[in-house]
Protein chains: 2
Amino acid sequence: MITRMSELFLRTLRDDPAEAEVASHKLLIRAGYIRPIAPGLYSWLPLGLRVLRNIERVVREEMNAIGGQEILFPALLPRAPYETTNRWTEYGDGIFRVKDRRDNDYLLAPTHEEVFTLTVKGEYSSYKDFPLALYQIQTKYRDEARPRAGLLRVREFVMKDSYTFDIDDAGLKSAYHAHREAYQRIFSRLAVRYVIVSAVSGAMGGSASEEFLAESPVGEDTYVRCLQSGYAANVEAVVTARPETLPTDGLADAVVHDTGDTPTIATLVEWANGANLGRAVTAADTLKNVLLKVRQPDGDWELLGIGVPGDREVDDKRLGAALDPAEYALLDDADFAKYPFLVKGYIGPKALLDNGVRYLVDPRIVDGTSWITGADELGKHVVGLVAGRDFTADGTIEAAEVRDGDPSPDGAGPLVAARGIEVGHIFQLGRKYTDAFAVDVLGEDGKPVRLTMGSYGLGVSRLVAVIAEQHHDELGLRWPSEVSPFDVHLVIANKDAEARAGAITLAGDLDRLGIEVLLDDRQASPGVKFKDAELLGVPWIVVVGRGWADGTVELRDRFSGETRELATGAGLATGITAAIAG
Amino acid sequence: MITRMSELFLRTLRDDPAEAEVASHKLLIRAGYIRPIAPGLYSWLPLGLRVLRNIERVVREEMNAIGGQEILFPALLPRAPYETTNRWTEYGDGIFRVKDRRDNDYLLAPTHEEVFTLTVKGEYSSYKDFPLALYQIQTKYRDEARPRAGLLRVREFVMKDSYTFDIDDAGLKSAYHAHREAYQRIFSRLAVRYVIVSAVSGAMGGSASEEFLAESPVGEDTYVRCLQSGYAANVEAVVTARPETLPTDGLADAVVHDTGDTPTIATLVEWANGANLGRAVTAADTLKNVLLKVRQPDGDWELLGIGVPGDREVDDKRLGAALDPAEYALLDDADFAKYPFLVKGYIGPKALLDNGVRYLVDPRIVDGTSWITGADELGKHVVGLVAGRDFTADGTIEAAEVRDGDPSPDGAGPLVAARGIEVGHIFQLGRKYTDAFAVDVLGEDGKPVRLTMGSYGLGVSRLVAVIAEQHHDELGLRWPSEVSPFDVHLVIANKDAEARAGAITLAGDLDRLGIEVLLDDRQASPGVKFKDAELLGVPWIVVVGRGWADGTVELRDRFSGETRELATGAGLATGITAAIAG
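The residue numbering used here restarts from 1 in each chain and proceeds along that chain's sequence as written. Chains and ligands are labelled sequentially in the order written, the chains with letters from A and the ligands with numbers from 1. Thresholds applied to this predicted model are a pLDDT of at least 70 for local features of residues and 80 or more for the giving and counting of side-chain atom pairs; totals over whole chains, interfaces and linings are not thresholded and use all residues. The basis for every side-chain value is the complete set of non-hydrogen atoms in the structure, without hydrogens or water.

For chain A, an unreviewed UniProt entry supplies the name Proline--tRNA ligase and the organism Mycobacterium cookii. UniProt positions are given in the numbering used here, feature names are shortened, and annotations may be inferred rather than shown by experiment. Its UniProt record gives chain A the following Subcellular location (unreviewed entry) comment, quoted word for word: "Cytoplasm". The UniProt entry for chain A carries the following comment under Catalytic activity (unreviewed entry): "tRNA(Pro) + L-proline + ATP = L-prolyl-tRNA(Pro) + AMP + diphosphate".

Structure representation (structure tokens):
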């Protein structure tokens, strides 16, 4: 079907919308693809919906190709199953909660593990029914604290979520890899530049997971990668390269010093460099101890001491991931008052270990390393405290910040940080949900087998913005062919009646060849039409212009900017079709 | 793509689910098309989703064919626009309301007039931009008091809703008729038996509206029609055939009688037939007066007296429609105590009219008709009170019940009642919403023109149940070809390896011809497979069975039950394709 711009519900805007900060947001609004309705809520106008549906089609095709079966759940779900898995509580303010007229609790689901698990439990009962891969392309909801950047962080969005069910770990691994490869094909077809990073799974639970991050400076996710080896990981998932342990023989004994008023690393380092210790001291030589109160989901809580080199901050995201699902907070003054052995600003490993406080240290604090740290008395620090000789922590924790230049855990070179937008997330969930709902099937040996699950999300509506973010220039959008709302944007830039009639005939010919044509048949100047064509971003622009009288039309490649002339006549539509095909 | 039942996520059930009452509910569950998640919330399993998508496709094609442009709004919408039109209040308990983390109010929209209107206002400003027809196929929500009958009355459902915008009434009429005809084509393609009935528009507002009711004894909507003329109307919309007025000359004077303890129509009729009035009296000779308190949306309220022939009840639905958008309630004893002129059980027109109570009567109470009614004193009635001579009501009201055999308003014959399921509803909204949001565009004469709107709903997911309701037999579903999840259900009913291989080859051949094949390749008995094929309801069943060795397969028509044999060999797939095409 030919779409005529004279009839299309579209008004392009000359100026960037005031509230828009990122390119995709500005251009999708200016080009009339979407409109804001409320914070984090957008309507899809005809062009935007076409792009969304194209992405859905690609995703559907690739999901079907790996044996995925499409089903569809309600977005409105009852509380009970989310109560069973504790996610009703864990989601906190992050979800929309709804009461019905009988005061029953519902939620607008952000993800559907629970009902998929229960549905499979309800239908299947034998190992013969597996493997099984189910998916849906569905509207989901999150009550985001800060909706931002147009379609990048919204409150109602379209996701593809799939779930695999297997009777053993090998099956799960195979399902996971099938999804991983399907995602690679999807992002490749959508022309999305991306990296796959190791990820921790947060509230989702489970053991192995990777994120697909679209490379973008406006992304909210920071990841690091090693350009030498290709290693890439979410900041939360980076494993610190652990130094070799050192011999302790011959190291000087630890000595306690009066350090005066030195409650911070900066003041301590200043003291040390004035104290004739025989060497220059930096913050990296100090051991900073941070005290937390940590509450497990079952309500139990404990004190936790974390030791990191004094030149590094504790990274809140990494700490959260390391402690998940526990919640935590820094100790406040009232807490300190309750534990007189904790001398704020002067805490050392000794007081913690002597008083039974669990003490975890950064992996860099290996046996044989020597530190300047608190001596557990006001105005006193200890110099030359050696790990493995003078104290032994209860374990290590990945909580210290990751920095550009840190060594890659695979030893291949330094890490560099970059930003990305999460467009996919694949998890080997394992038995978290099948345990919660006791989902067993009869095994081949007649004994019950607990199913193991994978869960795989893909941000369909977010991809509209991601693709716009990666494919645009100062003039407008530049859609890859698989997602473009049309194949050809045919501009009538000649007022002559014969040229106009010829353009309409050409549109019909292209349509019959299966080419989706946007025909600019408006009463407007060629300049206005060209500007709109560049803004809308259809990859091929055909101009019926001045050349018509001489028997030519112009074909413009919106990506490269190249133009070529094609001869009018019987073969024109076929010629255009061939040109744009390759 | 061939779908293999050995891999399909499907478990059919032998028994009807306990809670299911209507055939579509039973069969859609038993055949594994849908599963309940919570009251009024269902998941769509693979077969159900295929039917849903097929219906969507038909609807989309017909909407596009009349120039409809598809867009998509959020389901989660802010309160403000619904406040402007007062629907935030009017919907009462009927919608799901949601608060976000900042305590802002949202709703899960049951219909989208407000945001469509605002969006058009935001984009367009000239008469040249019209006519405009926009639609969406979208998930909608209603907090139904009583979800029932499977997919027939649910709380989350898929609707097609479209909205037209025109600069004048002629444009609206033309858009309305285009929709009406598109709906006729849609229901015809979906093989839905339906009637179009006049409807009142209830909370939607506006002037002209019709409902498309699918004929079904399990429908919730009662409508009446005249088999002679084809007139059909919702009970709420039936216009009473008004009798001719009668001459009053020569009628006896009204006389007040002591009627004793006769506060009901039955006791009054009994008195009358014992009172020597010179004729047999029935309830139809009495005039019953019902007292209401009526509250307008702006909060104003008034007393309202309604007079109906004593043999008819006041129909709550008709009364509600007649008074809409006002709310109303019967007077209780405390109310009666406040108005001593209202003598309960003995109320006549006189006390109402003398005391300034608005008094509306049934259209049958024409001038010259004579009534037995209350005399406004305890134990007294008046006989021979003549309308137009002894009292003149303030107007008429369509509130009395409609009965089988009542004359059709077009005079062509009697009305008969039937039940239907609302599958479509088309409204000439007029300027209700464009007035609320002051939507003017520049007219051809340079002056502002207020747009006029139509709104058109179609229950996409409900149609799955409606079609199942109209097309099934005792063995299972029988899908019309446009909506069937597959074109052909190919059953391997022969364990011979060669027959099995032949069936798989045939499935591939059919697939290449564009036929969607469900291949029953399971290790199960032919009996089980045939039962499932009948239950699932694909219109054509191909059986590779005993005849394979003799060079034949069987083609069964699930609708007619007819079977025929086709010869195996090179032309088989083409032969099947031709046979099912026509």
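1. Quick look at the pattern of salt bridges
In what follows, salt bridge is the name for a side-chain nitrogen of Lys or Arg lying within 4 Å of a carboxyl oxygen of Asp or Glu. The tally for this structure, following the rule as stated, stands at 100 salt bridges over all chains. When the shortest N-O distance is used, the salt bridge between Arg57 of chain A and Glu482 of chain A registers 3.5 Å. Remark: Glu482 of chain A occurs in the loop between strand E27 (476–477) and strand E28 (488–492) and Arg57 of chain A occurs in helix H2 (residues 46–65); sequence separation between them is 425 residues. Between Glu401 of chain B and Arg403 of chain B there is a salt bridge whose closest N-O contact spans 3.5 Å. Secondary structure elements are defined from DSSP: runs of H or I of at least 4 residues count as helices, runs of E of at least 2 residues count as strands, and each element is numbered from the N terminus.

2. A look at the relation of the copies chain B and chain A
Our superposition of the copies is a least-squares fit, built on the C-alpha atoms of residues whose pLDDT is at least 70 in both. Expressed as a screw transformation, the operator carrying chain B onto chain A has a rotation angle of 180° and an axial translation of 0.0 Å, and the superposed copies differ by an RMSD of 0.1 Å. As the rotation angle and translation indicate, the two copies are arranged about a two-fold axis. No C-alpha of chain B approaches the rotation axis more nearly than that of Val98 of chain B, which lies at 2.9 Å. Contact criterion: two residues are considered in contact whenever any of their non-hydrogen atoms come within 4.5 Å of each other. In this assembly, 100% of the residues forming the interface of chain B have copies in chain A that are likewise at the interface, indicating an isologous arrangement.

3. A short note on unusual backbone geometry
Cis geometry marks the peptide bond from Phe130 of chain A to Pro131 of chain A; its omega dihedral reads 5°. Residue placement: Pro131 of chain A occurs in the loop between helix H5 (113–123) and strand E8 (132–141). With phi around 70°, Asp103 of chain A is a residue other than glycine that occupies positive phi space. One can find Asp103 of chain A in the loop between strand E6 (96–99) and strand E7 (105–108). Positive phi, normally seen in glycine, also occurs at Asn276 of chain B, with a value near 55°. Take Asn276 of chain B: it is sitting in the loop between helix H7 (265–273) and strand E15 (287–295). Each residue is placed in one exposure class: buried if its accessible area under a 1.4 Å probe, protein chains only, is under 20% of its type's maximum, exposed if it is over 50%, and partly exposed if it falls in between. When its relative accessible area of 75% is taken as the criterion, Asn276 of chain B is described as exposed.

4. Topic: the sheet that holds strand E19 (residues 370–377) of chain B
Residues and elements named next belong to chain B. Here a strand pair is declared whenever DSSP counts at least two bridges between the two strands. Pairing is antiparallel in the open sheet, where 3 strands are placed in the order E14-E20-E19. Edge positions in the open sheet fall to strand E14 (255–258) and E19, since each of these has one partner strand only. Sheet twist, expressed as the average angle between the axes of neighbouring strands with direction ignored, equals 30°. Here E19 pairs with strand E20 (residues 380–386) via 6 bridges, running antiparallel. By the bridge assignment for E20, Glu377 is matched with Lys380. Whenever a helix is involved, its axis is fitted only over the stretch in contact; in every case the axis is a line through C-alpha atoms, and angles between N-to-C directions fall within 0 to 180 degrees.

5. Considering the packing of aromatic side chains
Aromatic pairing here means that ring centres of Phe, Tyr or Trp (its six-membered ring) are within 6.5 Å. Orientation follows from the plane angle: under 30 degrees is stacked, over 60 is edge-to-face, and everything else is tilted. Overall, the coordinates contain 26 aromatic pairs over all chains when judged by the stated rule. Measuring from centroid to centroid gives 5.5 Å for Phe187 of chain B and Phe212 of chain B, while their planes differ by 40°, and the two rings are tilted. Separated by 25 residues along the polypeptide, Phe187 of chain B in helix H6 (residues 169–189) and Phe212 of chain B in strand E11 (residues 208–215) bring together distant segments of the chain. Under the relative-accessibility criterion, Phe187 of chain B is labelled buried at 0%. The class of Phe212 of chain B is buried, set by a relative accessible area of 0%. For the pair Tyr339 of chain B and Phe341 of chain B, a centre-to-centre distance of 6.0 Å together with 65° between the ring planes defines the contact as edge-to-face. Members of the aromatic cluster, joined through ring pairs, are Tyr183, Phe187, Tyr194 and Phe212 of chain A. When the ring centre of Phe530 of chain A is taken as reference, the NZ or CZ atom of Arg556 of chain A above it lies at 4.4 Å. A ring has a charge above it when a Lys NZ or an Arg CZ is no more than 6 Å from the ring centre and no more than 35 degrees off the ring normal.

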